[in-house]
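Examining the three-dimensional arrangement
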Amino acid sequence: MKEFVVFDLEWNQNPYGRETAVESLPFEIIEIGAVKLNEKLEIISSFCRLVRPQVYPELHFKIAEVTHMTMEELRKKGKPFPEVMKEFEEWCGKCAVYCTWGPMDLTELQRNVAYFGLENPFPKPLLYYDVQKLYSLFREEGKEKKALDTAVKELGLKEDRPFHQAFDDACYTAMVMERLDWEKAEPYISMDYYQLPENRKEEVLLRFPGYTKYVSRAFETREDAIADKKVTDMVCSQCKRTMRKKIRWFPASQRAYLCLAFCKEHGFYKGKIRIKKAEDGRVFAVKTIKPVDEAGAAEISRRKEENRIKRNERNRQKRQEKRRHQKEAKQSE
Ligand SMILES: [Zn+2]
């Protein structure tokens, strides 16, 4: 039986600034709040625990402001993270489908798990629902990521709970979920990137209505990633045949590449590769393949041309600068 675990975390950060923070633990969890929903999205259980801080001895002023908590309270009522995590794990059960507002909570939870030397309890790949993303996808046509309190206001949900306490925010997130057309939203699952595929076999292909998303294993460098055939292959999402590329992969921005491919039976497909940073400094690729019409295909061709002109312009400026430097060097001799 499927159960949804909607959870939210409150965390503290180094009160003395980022420079002296513990590198592997930028955010120390101080509260876990969650509700469990059945398949009809009805609340069937709840979980709420404070965590006694062990890394940062004071609350960062911003955190103190938004959470309305004090260090004394946390020390008195909180339990050490390993204890709280174990209880949370047991409460969640083995077949929980996790849901959070935004993409950060599962990653930060796993960072805390690793910092305290606990075994990572989550499956690989870890798929979850980003309710913030679903809300923007189905209410705002994917344009803008909204804050939870904004979404709650827009939906006219009751606000008899303060925001920014983990448990209340988990309840609000569940309420937003309930207001979505879940049948439509359900296919749009997200993948948490904290634990990456370590080899070919673990690489992930997700199929969504109308497009596919592929997550590669980690590579040492961006060049290694973009040289990998599996990363760059364009496969038709309908007939699963490898397509011919009409426009080969070209850099469209700092971290993204585009391409255009064509299936004789199913038409044009746009490919996009985003290069992302893994937890350990390596990189991995996330590739999406989407069908496009003639106009969409023309747009990619325009982007490529625009890119070529920009690159030429950059190279021209570089050459000019070099010549100027050489000239100045000669004059000063
Ligand atoms: Zn095809």
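Looking at the metal site, the zinc ion is ligated by Cys-236 (SG), Cys-239 (SG), Cys-263 (SG) and His-266 (ND1), spaced 2.2 to 2.3 Å from it. Bound by four donor atoms, the zinc ion shows angles of 104 to 118 degrees at the metal and therefore tetrahedral coordination geometry. Written as a sequence motif, the donor arrangement for the zinc ion is C-x2-C-x23-C-x2-H. Taken together, the residues Cys-239 in the loop between helix H10 (229–232) and strand E9 (244–251) and His-266 in the loop between strand E10 (256–263) and strand E11 (267–277) connect sequence positions 27 residues apart.

This part is about the packing of helix H3 (residues 81–92) against helix H4 (residues 105–115). For any two helices packed against each other, one specifies the inter-axial angle together with the distance between the axes. Packing of H3 against H4 leaves a shortest axis separation of 10 Å and a crossing angle of 125 degrees. Taken as axis vectors, H3 and H4 run oblique relative to one another. You can see that H3 and H4 cross each other, and the crossing is left-handed. Every residue of H4 that contacts H3 at Phe-81, Met-85 and Phe-88 is listed here: Leu-109, Asn-112 and Val-113.

By the element assignment, Glu-223 lies in helix H9 (residues 222–226). Sequence separation between Glu-223 and Val-283 is 60 residues; the distance between their C-alpha atoms is 9.7 Å.

Evaluated as defined, the whole model comprises 18 aromatic pairs. Where Phe-7 meets Tyr-98, the ring centres are 6.0 Å apart and the plane angle is 90 degrees; that geometry is what we call edge-to-face. Of this pair, Phe-7 sits in strand E1 (residues 3–13) while Tyr-98 sits in strand E4 (residues 96–100), and the two are 91 residues apart along the sequence. The class for Tyr-98 is buried, based on a relative accessible area of 8%. Positioned above the aromatic ring of Phe-262 is the side chain of Lys-246, whose terminal nitrogen or guanidinium carbon lies 5.2 Å from the ring centre. The lysine or arginine in question, Lys-290, covers the ring of Tyr-211, its NZ or CZ lying 5.0 Å from the ring centre.

Here we come to the sheet that holds E10. The six strands lie next to each other as E7-E8-E12-E11-E10-E9, forming an open sheet whose pairing is antiparallel. Across the chains shown, the open sheet's two edge strands, defined by having one partner strand only, are strand E7 (204–208) and E9. Averaged over all neighbouring strand pairs, the angle between strand axes comes to 15 degrees, with direction disregarded. Both strand E8 (residues 211–215) and strand E12 (residues 283–291) contribute to a ladder of four bridges, which runs antiparallel. Opposite Lys-213, over in E12, you have Thr-288 as the bridge partner. The strands touched by helix H11 (residues 294–331) within the sheet are E9, E10 and E11, with E9 carrying the most contacts at an inclination of about 40 degrees.

Bringing the sheet that holds strand E6 (residues 190–192) into the picture now. In spatial order, the strands read E3-E2-E1-E4-E5-E6; together these six strands make up an open sheet with mixed pairing. Strands with a single pairing partner mark the edges of an open sheet, and in this sheet they are strand E3 (43–50) and E6. The sheet shows a mean angle of 35 degrees between the axes of neighbouring strands, direction not considered. Sheet topology places strand E2 (residues 27–37) next to E3; seven bridges connect them, and they run antiparallel. The residue of E3 that forms the bridge with Glu-31 is Leu-50. H4 rests against E1, E2, E4, strand E5 (126–130) and E6 of the sheet, and its axis sits at about 65 degrees to E1. Together, E1, E2, E3 and E4 form the strand contacts of helix H7 (residues 166–179), whose direction differs from that of E2 by roughly 40 degrees.

Rules and cut-offs
- Residues numbered from 1 in each chain as written.
- Predicted model: local features only at pLDDT ≥ 70, side-chain atom pairs only at ≥ 80, totals over all residues.
- Heavy atoms only, no water.
- Donors = N, O, S within 2.8 Å, 3.2 Å for Na, K, Ca; no water.
- Tetrahedral: all angles 85-135°; square planar, octahedral: opposite > 155°, others 65-115°.
- Helix = DSSP H or I, 4+ residues; strand = E, 2+ residues; numbered from the N terminus.
- Axes fitted to C-alpha atoms, helices over the stretch in contact; angles between N-to-C directions.
- Parallel < 35°, antiparallel > 145°, perpendicular 65-115°, else oblique.
- Left-handed = near helix turned anticlockwise from the far one by under 90°.
- Contact = heavy atoms within 4.5 Å.
- Phe/Tyr/Trp six-rings, centres within 6.5 Å; stacked < 30°, edge-to-face > 60°.
- Buried < 20%, exposed > 50% of the residue type's maximum accessible area, 1.4 Å probe, protein only.
- Lys NZ or Arg CZ within 6 Å of the ring centre and 35° of its normal.
- Pairing = 2+ DSSP bridges.

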